[in-house]
Amino acid sequence: MVKDDCIFCKIAGGKIPAATLYEDEDFRVILDLGPASRGHALILPKEHYQDLCELDEAVGAKVLALAAKIGRAMKSGLGCAGFNLVQNNGEAAGQTVKHFHMHIIPRYEGGPEMVVWKPGSSDAGELEKIVEEITAQL
Ligand code: 5GP
Ligand code: ZN
């Protein structure tokens, strides 16, 4: 299903132009308009899924292989030293466009700095409690 008022549905469906790296029946891969680094790309499914929790399993199963394909091409084509996959779910996690997408962010020697956090602390009791809280929902 495609959502009429969704910008990524329009881009994935070719109704709004975008710099396209790859396209097949399930996906369009485009360059991000506000890149974190040179070559920052987004994998967009052509069908509308709000986030990872809604994503069709068969479509989702293809995302990592596609990210690897694009990442390999970035390394040889752009000369990046590596790449990060980033996938935000929900506003609290930084999701601004409510259509599932996977960021592929090339990393070059010397930058950009990203995906950093200050490690917190944990103890055995707290870890056990978290395991219970999550596994009760699986
Ligand atoms: P999010 O924060 O939702 O994970 O990421 C949304 C990303 O989409 C951002 O990196 C933003 O720069 C990018 N973006 C938003 N609107 C457009 C657009 O119209 N075209 C392209 N190519 N990228 C967009
Ligand atoms: Zn959409």
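One can find the structure itself at the top, above this paragraph.
Quick summary incoming for the structure in this document.

Conventions adopted
Residues numbered from 1 in each chain as written. Chains lettered and ligands numbered in written order. Predicted model: local features only at pLDDT ≥ 70, side-chain atom pairs only at ≥ 80, totals over all residues. Heavy atoms only, no water. Donors = N, O, S within 2.8 Å, 3.2 Å for Na, K, Ca; no water. Tetrahedral: all angles 85-135°; square planar, octahedral: opposite > 155°, others 65-115°. Helix = DSSP H or I, 4+ residues; strand = E, 2+ residues; numbered from the N terminus. Polar contact = N/O pair within 3.5 Å; in protein donor to acceptor, adjacent residues only side chain to side chain. Contact = heavy atoms within 4.5 Å. 1 Å grid on protein atoms, 1.4 Å probe; cavity = no way out; pocket = protein on both sides within 12 Å on 5 of 7 lines; lining within 4 Å. Points joined across faces, edges and corners; volume = space filled by probe spheres on them. Buried < 20%, exposed > 50% of the residue type's maximum accessible area, 1.4 Å probe, protein only. Salt bridge = Lys/Arg side-chain N within 4 Å of Asp/Glu carboxyl O. Near = heavy atom within 4 Å. Areas by Shrake-Rupley, 256 points an atom, 1.4 Å probe, with all protein chains shown as cover. Nonpolar A, V, L, I, M, F, W, Y, C, P; charged D, E, K, R; others polar.

## Digging into the coordination of the zinc ion (ligand 2)
- Looking at the metal site, the zinc ion (ligand 2) is ligated by Cys6 (SG), Cys9 (SG), His48 (ND1) and His99 (ND1), spaced 2.0 to 2.3 Å from it.
- Coordination at the zinc ion (ligand 2) comes from four donor atoms whose angles at the metal span 105 to 115 degrees, giving a geometry best classed as tetrahedral.

## Quick notes on the side chain of Gln87
- By the secondary structure assignment, Gln87 is in the loop between β4 (82-86) and β5 (102-107).
- A polar atom in the side chain of Gln87 sits 2.8 Å from the side chain of Asn89.
- Beyond its immediate chain neighbours, meaning those up to four positions away, Gln87 contacts Leu52, Phe100, His101 and Met102.

## Remarks on the layout of surface pockets
- Here the largest pocket defines a volume of roughly 190 Å³.
- What lines the largest pocket is simply Ile7, Phe8, Ile11, Ile16, Pro17, Ala18, Ala19, Ile30, Leu31, Asp32, Leu33 and Leu42.
- Elements that contribute at least two residues to the lining of the largest pocket include exactly α1 (7-12) and β2 (27-31).
- If one sorts the elements of the lining of the largest pocket by residue count, α1 sits on top with three residues.

## Topic: the side chain of His48
- With respect to the helices and strands, His48 occurs in the loop between β3 (41-45) and α2 (57-60).
- Assessed through its relative accessible area of 11%, His48 is described here as buried.
- At 3.4 Å, the side chain of His48 and the side chain of His99 are in polar contact.
- Other than its neighbours up to four places away in sequence, His48 contacts Met1, Val2, Lys3, Cys6, Cys9, Lys98 and His99.

## Things to note about the pattern of salt bridges
- In total, this model carries six salt bridges according to the counting rule given.
- Linking Lys62 and Asp26 is a salt bridge whose minimum nitrogen-to-oxygen distance equals 2.7 Å. Of the two residues, Lys62 sits in the loop between α2 and α3 (63-78) while Asp26 sits in the loop between β1 (20-23) and β2, which places them 36 residues apart along the sequence.
- The closest approach of N and O atoms between Glu91 and Lys98, which form a salt bridge, is 2.9 Å.
- Taking the relative accessible area as the measure of exposure, Lys98 reaches 32% and is therefore partly exposed.
- Here the residues in one salt-bridge network are Glu23, Arg28 and Lys46, joined through shared partners.

## Looking at the site of ligand 1
- Near ligand 1 there are 16 residues, and of these Asp32, Gly94, Thr96, His101 and His103 occur at the shortest range.
- A distance of 3.5 Å is found between an oxygen atom of ligand 1 and a backbone nitrogen or oxygen belonging to Gly34.
- When ligand 1 is considered free in solution it has 520 Å² of accessible area, and contact with the protein chains removes 79% of it.
- The dominant element in the shell around ligand 1, judged by the number of residues it contributes, is α1, at three residues.
- Split by residue class, the shell around ligand 1 holds eight nonpolar, seven polar and one charged.

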